[in-house]
Amino acid sequence: MEAIELEQDQTSQVDTFQPVPAVVSQVRKDTPDTFTLTLEPEGAEPLPSFLPGQFSMLYVFGVGELPISISGDPQEKGKLLYTVRSVGKTTHALVSRKVGDSVGVRGPFGKPWPLKAARGKDVLVVAGGIGLAPLRPVIYYILRHRADYGRLVILYGARSPRDLLYQKQLDSWSRLPDVQVLTTVDYGGLSWHGHVGVVTTLFRYVRLQPLHSVAMVCGPEIMMRYVAWELEARGLPQGDLYVSMERNMKCGVGFCGHCQFGPYFICKDGPIFTYREMRPWLGKYEL
Amino acid sequence: MVTNLPAIGTQFLIDIPALDSIIGGLRRRGYEVLGPVVRGAAVVYDAIEGVNDLPAGAGDEQEAGAYRLTRREDGALFGFVLSPHSWKKFLHPPEARLFAARRDGRSFRLLNGGPAPPPRYAFLGVRACELAAIAIQDRVLLGESYSDATYRARRQGAFLVAVNCTWAAPTCFCTSMRTAPPAEAGFDLALTELVSSERHVFVIEAGSRAGAEVLAEVERHEASPGDRLEAERAIAAAKASIWRKVNTSGLRELLYEKFDDPRWDHVAQRCFTCGNCTQVCPTCFCTTVDDSSDVTGQQTERWRRSDSCFSQNFTFIHGGSVRMSAKSRYRQWLTHKLGAWVDQFGSPGCVGCGRCITWCPAGIDITQEAAALRADEEIAIGKGDAI
Ligand SMILES: Cc1cc2nc3c(=O)[nH]c(=O)nc-3n(C[C@H](O)[C@H](O)[C@H](O)COP(=O)(O)OP(=O)(O)OC[C@H]3O[C@@H](n4cnc5c(N)ncnc54)[C@H](O)[C@@H]3O)c2cc1C
Ligand code: SF4
Ligand code: SF4
Ligand code: FES
């Protein structure tokens, strides 16, 4: 198996603003409003490779363009997977694509999850809702490089059982050695026998080695703040905790100005940041 | 071919016909020459063919929320201070087509290989603060990893003729932003206008080989020590008349600390969030995109348009905008210009041109707002005079 480099040379492209059409080869319904699209190259030119945590700007002909994280396996070359939750005009158009339709792709853009810094350590993946999508490549990567990492702990929360993404995969991962998977939902319903409550309530089931772990967190901002407080309280250094940020994005490369967050451009300085970088800014109302 | 090029940095004296020849020389080289012209009640930047198009005798009066074109007796060609336009409108145009595409079965094809080749621009009359603004946009749009193709194509071929200010407006504060004249770098030619009852001439120097080649073709002689002194004094007098200022020391940290300061509520009561300030600012670079299709839905275009952090949907994410209040949007603008920009690009995003002060319908003054935020600080720690 060919190893992927954990650093990527991002030299300027011919024209950063021109989307390349790629064909939808599979559409999977993950939850009632969330679908995973697989894109493959239209012609001979292969799709670009990516690093876990990076996103693309996906373009629907005549409708619009938006940032979507890549949710597939970084080592499965030639395909790009995106897990999209339909919340508005363009995401709706995106999830309505049929096999054989094309979508425009720019990127990948952004800084990746710290898979290099996490080598030799336990990895704690904490996700809320659609936030598991940008973290799935991390899971794939670690499972393919099992000897390079310690324990893998996946904590995942969603609104209700039917909103949990990748349920079959979560099940199969949970049966692997040295992998712990815990899920929780806000509202369980009668047939749910698992945990109920916010994702931070799962920490009590985790044996954390605070000085020997890296945490990667993605979900709603408020959830990430609670998770960060909880992990800080358990002694995890701020620099070993990483979060993925989200803001309006029009370009993905630092030119449009929309994604600014304090001194940062989320598109090019992030979307992955250490909690140490984010802490002064997170939770500031209307920043 | 001329082998004896005028040395870079050596000052020469030229008269008005020679300036006309410079414009002619640029046009012969295929440049579209742009310079100040009077349109309606303001000096703006537009195409010129010769010195006759320049706004002889035009002056301006500027104050917070006020601009008036005036007449000067001396016939100076660069006797106004600043146009509401900046060179941004040519280098980073308010509208640019990113691509056109045509439906192709269930896919699409791009119709062109990128933006059309832009004209080669020569700008006549770039002030020192405007040179600094162009250098700032260079740092934003010609980044290390990506560069903006539209900007790069226009910027690469541009020929810049700087003009050193010999008059300043009350809205100017370039001196405190370290962008004041004389222009020191980044130009091809630099002029200083000397106008008196005896003579109307220009001290000129080349700042690049391209500039020296243009200068080589026109009638000139080396500036005398007296000419040079007169130019220096005129520039120094303009600078000495500037009274507005921003104290930039520790300002970035101060602004970050002042996130919850009541002053933001004060300015929010006056600000209309119209975005005039960002539009006239020579460094503001934000853009958005628009997709529009023809009636058949077979063909579509994606356009980039200038945008403003003052617009409410600037920060829209599903569920609503992050910055809903006027307070948060003014705070973003000022904190970005004078604070965050330093973290992002190594200098403030303000060159002290004062356009945002002049063209704000509410007369909101960036220097005053920055000072007020600092004054609170000084009162709080018991030093400095209460205002
Ligand atoms: C780095 C990054 C990664 C993302 N990854 C995913 C992902 O993997 N899966 C997923 O389902 N969603 C993801 N999102 C969120 C997704 O981009 C938005 O849900 C989407 O833009 C909403 O667009 P819309 O046109 O459907 O909604 P509308 O509500 O119609 O929005 C209109 C426009 O506003 C802007 N906008 C609205 N919401 C957002 C938002 N949350 N973030 C940025 N711009 C927004 C877009 O320009 C959009 O076209 C990601 C966002 C970012 C910034
Ligand atoms: S912020 Fe105002 S004074 Fe500063 S460069 Fe922009 S327009 Fe000029
Ligand atoms: S500061 Fe003035 S020009 Fe800028 S948005 Fe507010 S009212 Fe408009
Ligand atoms: S998305 Fe345009 S600057 Fe970040």
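Since the model is a prediction, treat every value here as computed from it, not as a measurement.

Asks: How would you explain the interface of chain B and chain A if you had to name every residue and give the values?
Replies: Size of an interface: often given as the accessible area lost when the parts come together. Taken together, the contacts link 56 residues of chain B with 49 residues of chain A. Interface of chain B and chain A: buried area, both sides summed, is about 4,200 Å²; carbon and sulfur atoms make up 54% of it. Put simply, Arg 106 of chain B and Asp 101 of chain A hold a salt bridge, and the shortest N to O gap is 2.8 Å. If you look at where chain B meets chain A, you find 21 residue pairs in polar contact (both at pLDDT 80 or more). For the side of chain B that touches chain A, the secondary-structure elements that each account for two or more residues are β6 (95-104), β7 (107-110), α3 (128-141), α4 (149-156), β13 (287-293), β14 (299-306), β15 (316-317) and α11 (326-345) of chain B. Grouping the constituent residues of the side of chain B that touches chain A by class yields 22 nonpolar, 21 polar and 13 charged.

Asks: I'd like a description of the pattern of salt bridges, backed by residues and values.
Replies: Applying the stated criterion to the full structure yields 36 salt bridges over all chains. With its nearest N and O atoms 2.7 Å apart, the salt bridge here joins Glu 217 of chain B to Arg 29 of chain B. Of this pair, Glu 217 of chain B sits in the loop between α6 (209-216) and β12 (221-222) while Arg 29 of chain B sits in the loop between α1 (16-28) and β2 (32-39), and the two are 188 residues apart along the sequence. Given a relative accessible area of 28%, Arg 29 of chain B falls into the partly exposed group. Here Arg 252 of chain B makes a salt bridge to Asp 343 of chain B, at a shortest N to O gap of 2.4 Å. Placement of the pair is Arg 252 of chain B in helix α8 (residues 251-257) and Asp 343 of chain B in helix α11, with a sequence separation of 91 residues. For Asp 343 of chain B, a relative accessible area of 37% corresponds to the partly exposed category. A network of salt bridges, in which partner residues are shared, links Asp 33, Arg 85, Arg 159 and Asp 163 of chain A.

Asks: Could you give an account of α6 of chain B, with specific residues and numbers?
Replies: Residues and elements named next belong to chain B. All buried positions along α6 are accounted for by Gly 211, Ala 212, Val 214, Leu 215 and Ala 216. Its buried side turned inward, α6 meets β1 (12-15), α1, β9 (159-164), β10 (189-195) and β11 (200-206). Structurally, the start of α6 carries an N-cap: the backbone nitrogen of Ala 210 is 3.4 Å from a side-chain oxygen of Ser 208.

Asks: A description of the domain arrangement of chain B should follow, citing residues and the corresponding values.
Replies: Residue and element names in this part refer to chain B. For chain B, the assigned domains are domain 1 (12-240) and domain 2 (251-386). Here the C-alpha centre of domain 2 lies 26 Å away from the C-alpha centre of domain 1. Counting residues at the interface gives 41 residues for domain 1 and 39 residues for domain 2. With both sides pooled, the region where domain 1 packs onto domain 2 buries about 3,500 Å², and carbon together with sulfur makes up 57% of that total. When the shortest N-O distance is used, the salt bridge between Arg 97 and Glu 301 registers 3.0 Å. Taken together, the connections running from domain 1 to domain 2 amount to 30 residue pairs in polar contact (both at pLDDT 80 or more). Mapped by element, the contributors of at least two residues to the side of domain 1 that touches domain 2 are β4 (58-63), β5 (66-71), β6, α3 and α5 (174-177).

Asks: An account of the state of the cysteines is requested, with residue identities and associated values reported.
Replies: Here the structure, examined in full by the defined rule, presents 0 disulfides over all chains. The closest cysteine sulfur to the non-disulfide-bonded Cys 174 of chain B is located on Cys 172 of chain B, 5.8 Å from its own sulfur.

Asks: Go over the site of ligand 1, please, and point to the residues and values.
Replies: The environment of ligand 1 is made up of 22 residues, and the closest members are Pro 67, Arg 85, Thr 91 and Glu 246 of chain A together with His 318 of chain B. Surrounding ligand 1 is a set of residues that belongs to chains A and B. Within the contact set of ligand 1, an oxygen atom lies 2.9 Å away from a side-chain nitrogen or oxygen of Lys 250 of chain A. Burial of ligand 1 by the surrounding chains reaches 88%, relative to a free accessible area of 830 Å². For the shell around ligand 1, the elements supplying multiple residues, two or more each, are β4 (64-69), β5 (80-85) and α1 (89-95) of chain A together with β15 of chain B. If you tally residues by element for the shell around ligand 1, the top one is β4 of chain A, at 4 residues. Looking at the shell around ligand 1 residue by residue, the class counts come to 10 nonpolar, 7 polar and 5 charged.

Cut-offs and rules
- Residues numbered from 1 in each chain as written.
- Chains lettered and ligands numbered in written order.
- Predicted model: local features only at pLDDT ≥ 70, side-chain atom pairs only at ≥ 80, totals over all residues.
- Heavy atoms only, no water.
- Contact = heavy atoms within 4.5 Å.
- Buried area = accessible area lost by both parts, 1.4 Å probe.
- Salt bridge = Lys/Arg side-chain N within 4 Å of Asp/Glu carboxyl O.
- Polar contact = N/O pair within 3.5 Å; in protein donor to acceptor, adjacent residues only side chain to side chain.
- Helix = DSSP H or I, 4+ residues; strand = E, 2+ residues; numbered from the N terminus.
- Nonpolar A, V, L, I, M, F, W, Y, C, P; charged D, E, K, R; others polar.
- Buried < 20%, exposed > 50% of the residue type's maximum accessible area, 1.4 Å probe, protein only.
- Domains from an automatic or database assignment.
- Disulfide = S-S within 2.5 Å.
- Near = heavy atom within 4 Å.
- Areas by Shrake-Rupley, 256 points an atom, 1.4 Å probe, with all protein chains shown as cover.

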